[in-house]
Amino acid sequence: MKMRCKVLCVILLLVPSMLMWAAGTKEAGSAKTDGSAVITIWDFKYGDVEGVQPAMVKIDELIMRENPGITIKHVGQPNDNYYQLVRAAVQAGSGPDIVMFHGGVQAYEFDDYTIALDKYIQPWRPEISEFSWAYCSEGGNGAKPVHMVPLTTQGFGIYYNKALFKQAGLDPEKAPSDVASFMAACEKLKKAGIVPMVAGLQGSPYTIDFLFRCFVANIYGPEVSALGTGKQNFVGNAAFKRSAEMVQEMFKKGYIDPAGTSTPYFMDAANNFAASKGAMFVGLLSDVCHWKVFGDALGTDAVGYFPTINFPEAKYKDQQVGQPAGIGYSVMKWSKNPEAAMKVVEGYARGEGNAMWMGMTGALSPNKNVDIKSLGYPLVAEILQRPFVLDFNTLLLNEDANGNFDRYCAQAFVSNEISIDKFIAASQGMLDNVQKSK
Amino acid sequence: MKMLTPKMKSETFESYLLIAPLLVLLLVFILYPVIANVYLSFFKWKGMGKATFIGLENYRTMMQDETFWISIKNTFVLLLYIPLGVILPILISAVLREGLKGWPIFRAIIYIPNILGYVIIGMISSIMFRKLGPLNNVLIAMGLGSFALDWLSNPVLALNTLGLVYGVWLRLGFGCIFFLAAMSSIDDSLYDAAKIDGALWWRTFWNVTIPSIRFSIEFWVVLSFIEILARAFPFIYTFSRGGPGFATFTLEYGIYNEGFIAFNMGYASSWASALFVVCAIIAYFQVELMRKSSDVQ
């Protein structure tokens, strides 16, 4: 009987203690200690301990030195379920003061929970182009308040190894510009025993995805936004179809690295290009797999760049794809110290902090005051002197932008499950989904 | 009518009290999520903020969604690997039961996947099965180059590789241990009697071993269905991410995709409800079959 009573007591104690444990603890947002503000940042880049974290640690130190009352608590959150964590914080109504977002639809979904920044950025607003500010405004509407400060301008382009071009008998200073010269260059490279296009296709075929984003920007030019309104389409566009046929031909002729299906894009394929295992690579313009990585590996003057390939059927030429804000920082509505939080954001977006951000990580800053020449990479100046055309991917719904387009690319070009026409129809379906959502 | 004595009443109360913690956990972590999921499937909700009631719209969209039907097809293809996943460990266990030299080493090897877990095995498999991966390299080295296939890029091969690795190989070790344990409880006199009657190995296996472990087999089949319908996500996520294209995209993966990539929580709930219905139908038939065979017994 005594034993039974003991067991019952343990159970009765166990249930409430489990419930209390399940209730959890509340994370302090911008708790004040001794009159100084503690600013918490959630970030999906901070986990990159080799590439990004050292730069962020230095910038945080710089900001704290310049603002003695501010203590920064930088939290690196896992990339894969980052937005689930931010959503959980929103549902709980508390969390960090500053949250990093990707530009576009992923940030717009949080507009109701982030503060308008216009009054804070007013003194230095001209340092960043209105192209970027408009993109970071509520719902991407430039007439509405700004909700995010852009830290990077993102985009895609084709990098090439000048030494391998020379080895194949190509002019290293003259990048291919149209379909004919591009395919001829691929053929020459292949004949010279060089892999023409390094590829990362395992898991998600990002090489093809990014290549199409370059092509779409070039084909539709300034009219690319009309893909989101139904005034422009993939179906019925001769140049878009030609671009898909060209990619298919590249696979058939072996111009795309045959080892690509065994290679993940991040970071294996980029490392292969940096190790001269192929002549061309569809890379990013900021954050990773970019001019700095390849310049450091191959020599700053040994890497060439061209933004796209021109199609005779297209109305526009030499357009460069870009996202006005690759990533950025927003201040959450629950922050008790929005002024202090904005000081931190400003420290990242301009001045010495921004120069460190760009110089140490290879991020392409949208701030026009950064001294690009001092970085010592001629390629970055070449990239920045070209105007950007909006990346069509930023017009899509989350699901299509973050997965479905990759799957259609895989089906059409990697596993040959669907025809070019079906690929175009599937891609058109993503644009139709945007229409339906409105 | 039989009246309960005070002692019996006290014992009944204590019994309920003893199972109360488990019941609370079941209510909180099983029953509540199931009901909440069905409720949420009638709403449009982005995982935060206000949910909007949209009636059966999510189900209507789901029925017209090509991806949903692809995921159903893929899930059912994976279910076809269950018989192999049951037969193989039983056969191996039957052989091992009779003693095998070096069995402890063999047992350790086949049990390794269970120690490592789905995520690690998924990652390792994604490397092993690459076109230029270790498996193909070994095949080529052995002069079997024609069998060195593009396992992960060909949609048919990718799905069947997933079926073989996840549905059969991954649980082979645990299956062998499980069935060996079941076979160890069979009375040796049954085998002796079969031997005296002149029964050969196959006949003994079919008429003595199988009937004796029938309940274990039924349990293993139920477990296999659960594994494929509701526990394959971490493996698929690390092995193929549902690709190439939608080749290994299952119902369960679709729930994740809609819920945590697209953040269409209401729509993801309608997929989860569909999975619940599929599981319920299968469970019903399994229970009925088990009941019938139990009655026959």
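Below: a short report on this structure. Just so it is clear, the model here is predicted, and its values are computed rather than measured.

What counts and what doesn't
- Residues numbered from 1 in each chain as written.
- Chains lettered and ligands numbered in written order.
- Predicted model: local features only at pLDDT ≥ 70, side-chain atom pairs only at ≥ 80, totals over all residues.
- Heavy atoms only, no water.
- Core = buried A, V, L, I, M, F, W, Y, C linked by side-chain atoms within 4.5 Å.
- Buried < 20%, exposed > 50% of the residue type's maximum accessible area, 1.4 Å probe, protein only.
- Helix = DSSP H or I, 4+ residues; strand = E, 2+ residues; numbered from the N terminus.
- Contact = heavy atoms within 4.5 Å.
- Polar contact = N/O pair within 3.5 Å; in protein donor to acceptor, adjacent residues only side chain to side chain.
- Buried area = accessible area lost by both parts, 1.4 Å probe.
- Salt bridge = Lys/Arg side-chain N within 4 Å of Asp/Glu carboxyl O.
- Nonpolar A, V, L, I, M, F, W, Y, C, P; charged D, E, K, R; others polar.

A few words on the nonpolar core. All names here are of chain A. Y159, F182, F212, M280, F413 and F423 are the most contacted members of the largest nonpolar core, which has 201 residues in total. A per-element tally of this core places helix α9 (residues 206–220) first, with 10 residues. Once you skip the residues sitting within four places of it in the chain, F212 turns out to touch F240, S243, A244, V247, F405, C409, F413 and F423.

Here we take up the environment of N136 of chain B. Residues and elements named next belong to chain B. Turning to its location among the elements, N136 is positioned in helix α7 (residues 134–141). On the basis of relative accessible area, N136 is assigned to the buried category, the value being 2%. Those residues in contact with N136, other than ones at most four positions away along the chain, are R130, K131, F147, A148, L149 and W151. At 2.8 Å, the side chain of N136 and the side chain of W151 are in polar contact.

This part covers the interface of chain B and chain A. Across the contact, 37 residues belong to chain B and 33 residues belong to chain A. Note on chain B versus chain A: buried area summed over both sides is about 3100 Å², and carbon and sulfur give 58% of it. Contact with chain A buries area across many residues of chain B, yet M48, R130 and F246 of chain B alone supply 20% of it, more than any other trio. At the surface where chain B touches chain A, the tally comes to 3 salt bridges. Between K422 of chain A and E66 of chain B there is a salt bridge, with the nearest N and O atoms lying 3.8 Å from each other. At the boundary of chain B with chain A, the tally comes to 13 residue pairs in polar contact (both at pLDDT 80 or more). Secondary structure elements with two or more residues in the side of chain B that touches chain A: α1 (6–40) and α14 (251–261) of chain B. For the side of chain B that touches chain A, a count of residues per class yields 19 nonpolar, 9 polar and 9 charged.

Residue and element names in this part refer to chain A. The step from F266 to M267 runs through a cis peptide bond, and the omega angle for that step is -10 degrees. Tracing the chain through its elements places M267 in helix α11 (residues 265–274). Here D287, not a glycine, exhibits a phi torsion of approximately 70 degrees, which is positive. Position of D287 relative to the elements: it lies in the loop between β8 (280–284) and α12 (291–298). For D287, a relative accessible area of 13% gives the class buried. Residues other than glycine seldom take positive phi values, yet N416 does so here, at roughly 50 degrees.

Everything listed here is a matter of coordinates, which is why it stays silent on function.
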